[in-house]
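Listed below, chain by chain, are the residues.
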Amino acid sequence: MNKYFYDRLPLFVFVIIIFVSGISFGAIAVKTVDYSIRENVFVYFNDFMKGYDELNYSSSTLVSESIKFNLLNIVIIWVLGISVFLMPLITVLVFFKGFVLGFTVGFLVNEYSLHGIIMAIAAVFPQNLIIIPAYILAAVMAIYLSVRIFKYYRGLEGLNGEDLLTYTLEMGLLALLLVGGSIIETFISPYLMKIILHFI
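Residues numbered from 1 in each chain as written. Predicted model: local features only at pLDDT ≥ 70, side-chain atom pairs only at ≥ 80, totals over all residues. Heavy atoms only, no water.

**Side note on the overall build of the protein**
When helices and strands are tallied, the protein shows 6 helices and 0 strands. Put simply, the protein runs from its N terminus to its C terminus through helices and strands in the order α-α-α-α-α-α. Every one of the 200 residues in the protein was classed for burial, and the buried ones make up 37%. Contacts in the protein between residues far apart in sequence, at least 24 positions, make up 82% of those at least 6 positions apart. (Helix = DSSP H or I, 4+ residues; strand = E, 2+ residues; numbered from the N terminus. Buried < 20%, exposed > 50% of the residue type's maximum accessible area, 1.4 Å probe, protein only. Contact = heavy atoms within 4.5 Å.)

As structure tokens, then:
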């Protein structure tokens, strides 16, 4: 296990840097968005929060859509990992994931200060404690395999069907983790948000 992570340590560092860069750019983007657009989003979000308790939604539909979205992303990363030439797009996905998270949290903190931090903790962080590590692991595995495939075609390293099977099983396990993240996002985060809104 130690060798497993040691071999991939440079990729872990690289992917985490890309992700953190995405978060940073997302947080900065909040400040650069046109004031009128930010004001419209603020008004819309306020109206949404006022009616949050009365919202009627189908939990089964929401969890289904969330699972589909996350599984689609895992499949895309899996495909990019074996495509070699499209592998750089994995970093784009990681950066975008960080950007969305950074923008969301940045907006909440920028507009609501301390209350925004509390809302972010309730609505954003619970599911992302599972989802973000899963995406980072998936990106590392995909890039690692892609590099190995490249070396294989250059005659620098051996590769066989077992390696592809292992890669696929690893992605399958991460897909299960993402299903767990989707369940938290649908069934736990909304209730935490309702509780928080009663106190702020």
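**Considerations on the pattern of salt bridges**
This model, assessed by the stated rule, comprises 2 salt bridges. Notably, a salt bridge pairs Glu65 with Lys68, separated by 3.9 Å at the nearest N-O pair. Of this pair, Glu65 and Lys68 both sit in helix 3 (residues 59–83), 3 residues apart, which is roughly one turn of the helix. For the salt bridge of Arg148 with Asp163, the shortest nitrogen-to-oxygen distance reads 3.4 Å. Taken together, the residues Arg148 in helix 5 (residues 125–153) and Asp163 in helix 6 (residues 161–197) connect sequence positions 15 residues apart. Take Asp163: its relative accessible area is 22%, and that puts it in the partly exposed class. (Salt bridge = Lys/Arg side-chain N within 4 Å of Asp/Glu carboxyl O.)

**Comments concerning helix 4 (residues 88–123)**
Between the first and last C-alpha of helix 4 there are merely 31 Å, a value that for 36 residues lags more than 12% behind the 52 Å anticipated at 1.5 Å per step. The largest bend in helix 4 amounts to roughly 145° and is located at Tyr112. (Expected span 1.5 Å × (residues − 1). Bend = angle between axes of the 7 residues up to and from the residue.)

**What to know about a nonpolar patch on the surface**
A cluster of nonpolar side chains, contributed by Val109, Leu114, Ile117, Ile121 and Phe125, occupies part of the molecular surface with about 430 Å² of accessible area. Looking at the nonpolar patch element by element, the count peaks at 4 residues for helix 4. When you line up the elements, Ile121 lands in helix 4. (Patch = residues over 30% accessible without salt bridge, like charges linked within 9 Å, V, L, I, M, F, W, Y side chains within 5 Å. Areas by Shrake-Rupley, 256 points an atom, 1.4 Å probe, with all protein chains shown as cover.)

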